Amino acid sequence: MTVINAALVGSFPRPKGLARLVSRFNSGRITREKLEEGYELHTKKLFKLLTTLRIKYITDGMFRWDDIFNPLISYVDGVKVNGLYRFYDNNFFFRAPQVVGRVSLRSDCPIPEWFKKAKELLNEVTEGRSEEYILKPVLPGPLTLAKNSLNEYYRDVKDLIRDYTFNVLEPLMKDLKRLGASVIEIHEPELAYGRASVEEKSVGVDVLSTLIYNLRIRAWVHTYFGDACRILNYLIGFGSYIVGIDLTSTKDYNACILQYSNFKSLALGLYDSRSTVLERSRSIRWCVSKFVKLHVEEVIICNNAPMDFIPEVIAVRKLRKLSRVTERLVVTGGKAY
Amino acid sequence: MNLPILPTTVIGSYPRPKWLREVIKGFRTGRYDAEVLKEAMDDAVIAVVRDQEEVGVDIPSDGEIRRDEMVEYFAERIGGFKFYGPVRVWGNNYFRKPAVIAKLQYLKPIVVDEYLFLRKHSSRPVVKVTITGPYTLTDWSFNEYYESREELAFDLARMINTELKKLEEVGCLYVQVDEPALTTHPNEMEWAVQAINKAVEGINMKIGLHVCYNNYNILKPYFDVLRVSQFALEFANRGFRDLEVVKGLTKELGFGVVDVHSRRVEEPEEVVRALNKLFSYVEPEYVYVNPDCGLKLLPRGIAKAKLEVMVRGVEIVRKELSKKGLTEIPLRTKV
Ligand SMILES: [Zn+2]
């Protein structure tokens, strides 16, 4: 019997009020404490929404992040934070890591602390029933990190992929595990978008799966901006974890559904984070039912990619629909009707 | 009509004076009414045209003072768009990304009044009006209505064509179509270029095309296909590398000589060096000189100083060119 769950993947649009606080903090008009209050308030608001919608796998909305790399890269030795670069084919830009030395995580990285705080807030919002939800910290994967870096140090980018994995992500993920993260979400759009060479992708998958295995954590490797049919040979390396695929970028999922029968947990990115069009529940149910027939252990219904690309109201509408569709599918045991 | 050789111009936007920003804030909170806002906008345009003319810019713009943002402004004035709220572009920077929710409709002239006001208040024979191009309007909007992005882009091209005709009717000589999104999706280039051509179809004014912070190697194969007489490209930001890309260009180049993302004010000699380097790729008679992009994000004083450096640099080069008898070029509408 396949378990069906709902999830929020990656970021939720930073609310207007919080964005205003951030800009006031940046220009020195409010204190760090005032900004902290804002983060707390808006994170709690998001948790309230997600728990009301009974979405099982959640994030804290990544309100403290500017993009999937920042501020992480400002806590990495060997990296300078460089100018703005386009994030794949989006009208969205990130500050790129400029690699000028051997990369390694600095000890003052606040990301584990933020996770701990978010966990406490979730506990507050759910009045102690936070175990019903899985709060996932979100990190960029080593391949995506390396291929979006301006590499001026490593002769071979594959060494950079390795160092990002074992010198940056490993210590960070260890800390997150110690603080109670039961699932860690790792974003690898690079795997699906396809600029990296076959060799680079293979190394990226190898080192990341080694790391996940060594740490004995449940990982969620999420791919997006590319057709899920074309990346199966890479994803197989993560077969025993949660694998996220972007079905909004997949032309013909009928063609590839069968290939996914060997997976344990599949996260189906069915809600398009780059479009304001609301998905039709019927087609979503139909698609999910096909995957349920594969008898994988768990099917998770989620957004395809970070939600920064759509306005907050649309993100809320999509999550509401996602929640309703999931509940209906739970009742029908994964059948489309 | 003739212009001095190496005509100097701007890309379009210019910093809003601080006092105008106060008035806009006051308008949003209800302290000032629309009439006060309009008066302030008019005064600000006069002030920034004056800034440009004072330092010697040959072809000024109105600084796009009345526009908050280059896509928003048009989406607010074309029927069929809706705004759901801000969307992040980077860091903590947001823009109100519009959504197309119905068949688009041309309601009334969008920038004709802007042009007429600028024409009245500039002492220069030629002024520049900017229009956001059909592809960028498409790429920076959500599409909820059209079957395809291509179909949306062509409908936008028709609206822009109508607007260009209206500008031509009132005597406008020079329009720059802005397409900063042009090479974002290389697989859409074919129809993106056709949409731009559709937008300028039957237009006899001078049309430039501004494309910035793009991969120009993707654009290059379309230099001849695009029915514009000028490409305004950014090069200071690239340290004047990649100039080979304009080798063999059979049209004019609007050459970006000052970096709009840096507050460092360049030296006139840097402009001179850049131009001399460029001349081994493009003939001086086919070069206009401009900043890389709009100046809007700089403090006003720095924006003005950068324009002044640009003009001083050009003056030095003009002296050299005049020795070879090169002093003027025609305002070309077709190349
Ligand atoms: Zn520009």
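Everything quoted here is computed from the prediction, not taken from an experiment.

What counts and how
One numbering rule holds for all chains: residues counted from 1, following each sequence as written. All chains are assigned letters beginning with A, and all ligands numbers beginning with 1, in the order in which they are written. At least 70 in pLDDT is required for a residue's local features to be given in this predicted model, at least 80 for side-chain atom pairs to be given and counted, and no such filter applies to totals for whole chains, interfaces and linings, which use all residues. Neither water nor hydrogens contribute to the side-chain values; these are computed over all heavy atoms in the structure. Elements are defined by DSSP. Helices are runs of H or I of four residues or more, strands are runs of E of two residues or more, and each kind is numbered from the N terminus. To sort residues, take the accessible area from a 1.4 Å probe on protein chains only and compare it with the maximum for the residue type: under 20% means buried, over 50% means exposed, and anything in between is partly exposed. In this description, contact between two residues means that some pair of their heavy atoms is separated by no more than 4.5 Å. Under the convention used here, a 1.4 Å probe and the Shrake-Rupley method define accessible areas, while residue burial counts only the protein chains that appear. In this tally, Asp and Glu contribute negative charge and Lys and Arg positive charge; neither His nor the terminal groups of the chain are included. A charged residue contributes its charge at one atom only: NZ of Lys, CZ of Arg, CG of Asp or CD of Glu. By buried area we mean the combined loss of accessible area, with a 1.4 Å probe, across both parts when two parts are placed together. The rule for a salt bridge is simple: a side-chain nitrogen of Lys or Arg has to be within 4 Å of a carboxyl oxygen of Asp or Glu. For helices, the fitted line uses only the C-alpha atoms of the stretch in contact; every axis is such a line through C-alpha atoms, and the angle between N-to-C directions lies from 0 to 180 degrees. Angle categories are assigned with fixed cut-offs, so that under 35 degrees is roughly parallel, over 145 is roughly antiparallel, 65 to 115 is roughly perpendicular, and the rest are oblique. When the near helix sits turned anticlockwise from the far one by under a right angle, the crossing is termed left-handed; a clockwise turn instead gives a right-handed crossing. Three classes are used, and their members are as follows: Ala, Val, Leu, Ile, Met, Phe, Trp, Tyr, Cys and Pro are nonpolar, Asp, Glu, Lys and Arg are charged, and the others, Gly among them, are polar. Two strands pair if DSSP finds at least two bridges between them. Here the term patch refers to residues with relative accessible area over 30% and no salt bridge, with like charges joined within 9 Å and nonpolar side chains (Val, Leu, Ile, Met, Phe, Trp, Tyr) within 5 Å. This arc is taken over the directions from the axis of the helix to the C-beta atoms. The length a helix should cover is 1.5 Å for every residue beyond the first. Only a pair of cysteine sulfur atoms within 2.5 Å qualifies as a disulfide here.

## Thoughts on the overall build of chain A
Each helix and strand counted, chain A has eleven helices and twelve strands in total. Expressed as a percentage of its 337 residues, the buried residues of chain A come to 62%. Relative to all contacts within chain A whose residues are 6 or more apart in sequence, the contacts with residues 24 or more apart total 76%. Only carbon and sulfur atoms are counted for the fraction: they give 48% of the accessible area of chain A, which is about 13,700 Å². Averaging the locations of the 50 positively and 38 negatively charged side chains of chain A gives two centres separated by 6 Å.

## Brief notes about the interface of chain A and chain B
In this assembly, 25 residues from chain A lie in contact with 19 residues from chain B. Taken over both partners, the interface formed by chain A and chain B buries close to 1,900 Å², and the fraction arising from carbon and sulfur atoms is 54%. Per-residue buried area on chain A facing chain B is highest for A:Asn91, A:Thr276 and A:Pro311; these three make up 27% of the total on that side. A:Asp66 is paired through a salt bridge with B:Arg88; the nearest N and O atoms lie 3.9 Å apart. Broken down by secondary-structure element, the contributors of at least two residues to the side of chain A that touches chain B are helix 1 (16-26), strand 3 (76-86), strand 4 (93-105) and helix 11 (312-332) of chain A.

## Overview of the packing of helix 6 (residues 149-169) of chain B against helix 7 (residues 189-199) of chain B
Residue and element names in this part refer to chain B. Packing of helix 6 against helix 7 leaves a shortest axis separation of 7 Å and a crossing angle of 20°. On the basis of their axis angle, the class for helix 6 and helix 7 is roughly parallel. In the crossing of helix 6 with helix 7, the sense of the turn from one axis to the other is right-handed. Side by side, helix 6 and helix 7 meet where Arg 149, Glu 150, Ala 153, Phe 154, Ala 157, Arg 158, Ile 160, Asn 161 and Leu 164 of the first sit next to Trp 191, Gln 194, Ala 195, Lys 198 and Ala 199 of the second. Residues that form the contact of helix 6 with helix 7 fall into these classes: eight nonpolar, two polar and four charged.

## Some words on the side chain of A:Ser323
Inspection of the secondary structure assignment puts A:Ser323 in helix 11. For A:Ser323, a relative accessible area of 6% gives the class buried.

## Looking at the sheet that holds strand 7 (residues 206-211) of chain B
Residue and element names in this part refer to chain B. Taken together, six strands build an open sheet; the order of strands is 4-6-7-8-9-10 and the sheet is parallel. In this open sheet, the two strands that pair with only one neighbour each are strand 4 (129-132) and strand 10 (287-290). Between one strand axis and the next, the sheet turns by 25° as a mean value, whatever way the strands run. Strand direction decides the pairing type here: strand 7 and strand 8 (residues 230-233), joined by four bridges, are parallel. Across the sheet, Val 211 pairs through a bridge with Leu 233, a residue of strand 8. Relative to the sheet, helix 6 contacts strand 4, strand 6 (174-178) and strand 7, its axis offset from that of strand 4 by approximately 170°.

## A few points about a negative patch on the surface
Residue and element names in this part refer to chain B. Taken together, the side chains of Asp 33, Glu 35, Glu 39 and Asp 43 present a region of like negative charge at the surface. Position of Glu 39 among the secondary structure elements: in helix 2 (residues 34-54). Taking relative accessible area as the criterion, Glu 39 reaches 52% and is therefore assigned exposed.

## What about the side chain of A:Ser209?
Inspection of the secondary structure puts A:Ser209 in helix 7 (residues 198-215). Apart from the residues lying within four places of it in its own chain, the contact partners of A:Ser209 are A:Gly237, A:Phe238 and A:Tyr241.

## Remarks on helix 1 (residues 18-28) of chain B
Each α-helix turn comprises 3.6 residues. Residues three or four places apart therefore point the same way. All names here are of chain B. Of all the residues in helix 1, the buried ones are Leu 20, Val 23, Ile 24 and Gly 26. The buried side chains of helix 1 occupy one side of the element, clustering within an arc of 160° when seen end-on. Opposite the packed face of helix 1, turned more than 90 degrees from it, sit the exposed residues Lys 18, Lys 25 and Arg 28. Packing partners of the buried residues in helix 1 comprise helix 2. Phi turns positive one or two residues past the end of helix 1, at Gly 30, with a value near 90°.

## Observations regarding helix 11 of chain A
Between its terminal C-alpha atoms helix 11 of chain A stretches 31 Å, which fits the 30 Å expected from 21 residues at 1.5 Å a residue. Residues of helix 11 of chain A that are buried: A:Ile314, A:Ala315, A:Val316, A:Lys318, A:Leu319, A:Leu322, A:Ser323, A:Val325, A:Thr326, A:Leu329 and A:Thr332. Lining the buried residues of helix 11 of chain A we find strand 1 (3-7), helix 2 (32-52), strand 11 (265-271), helix 10 (281-292) and strand 12 (298-303) of chain A together with strand 2 (78-90) of chain B.

## Topic: the pattern of salt bridges
All names here are of chain A. Enumeration over the complete set of coordinates arrives at 51 salt bridges over all chains. Ionic pairing is found between Asp 156 and Lys 158, a salt bridge with its closest N-O pair at 3.2 Å. Residue classification places Asp 156 among the partly exposed residues on the basis of a relative accessible area of 28%. As a salt-bridge pair, Arg 162 and Asp 159 come within 2.9 Å of each other at their nearest N and O atoms.

## Description of the environment of A:Ile73
All names here are of chain A. Within the fold, Ile 73 resides in the loop between strand 2 (57-58) and strand 3. Residues Ile 73 and Ile 186 lie 113 residues apart in sequence; the distance between their C-alpha atoms is 15 Å. Each residue touching Ile 73, except ones within four places of it in the same chain, is listed here: Val 79, Val 81, Arg 95, Ala 96, Pro 97 and Leu 145.

## Points about the environment of A:Phe25
Residues and elements named next belong to chain A. Assignment of secondary structure puts Phe 25 in helix 1. Given the relative accessible area of 22%, Phe 25 is considered partly exposed. Along the sequence, Phe 25 and Leu 35 sit ten residues apart, while their C-alpha atoms lie 6.7 Å from each other. Among all residues touching Phe 25, those that are not within four sequence positions of it are Ile 30, Thr 31, Arg 32 and Leu 35.

## Quick word on the state of the cysteines
When the sulfur atoms of two cysteines share a covalent bond, that bond is a disulfide. All names here are of chain B. Following the criterion strictly, the structure yields zero disulfides over all chains and no others. Free of any disulfide, Cys 172 has its nearest neighbouring cysteine sulfur in Cys 293, separated by 20 Å. For Cys 293, a relative accessible area of 16% translates into the label buried.

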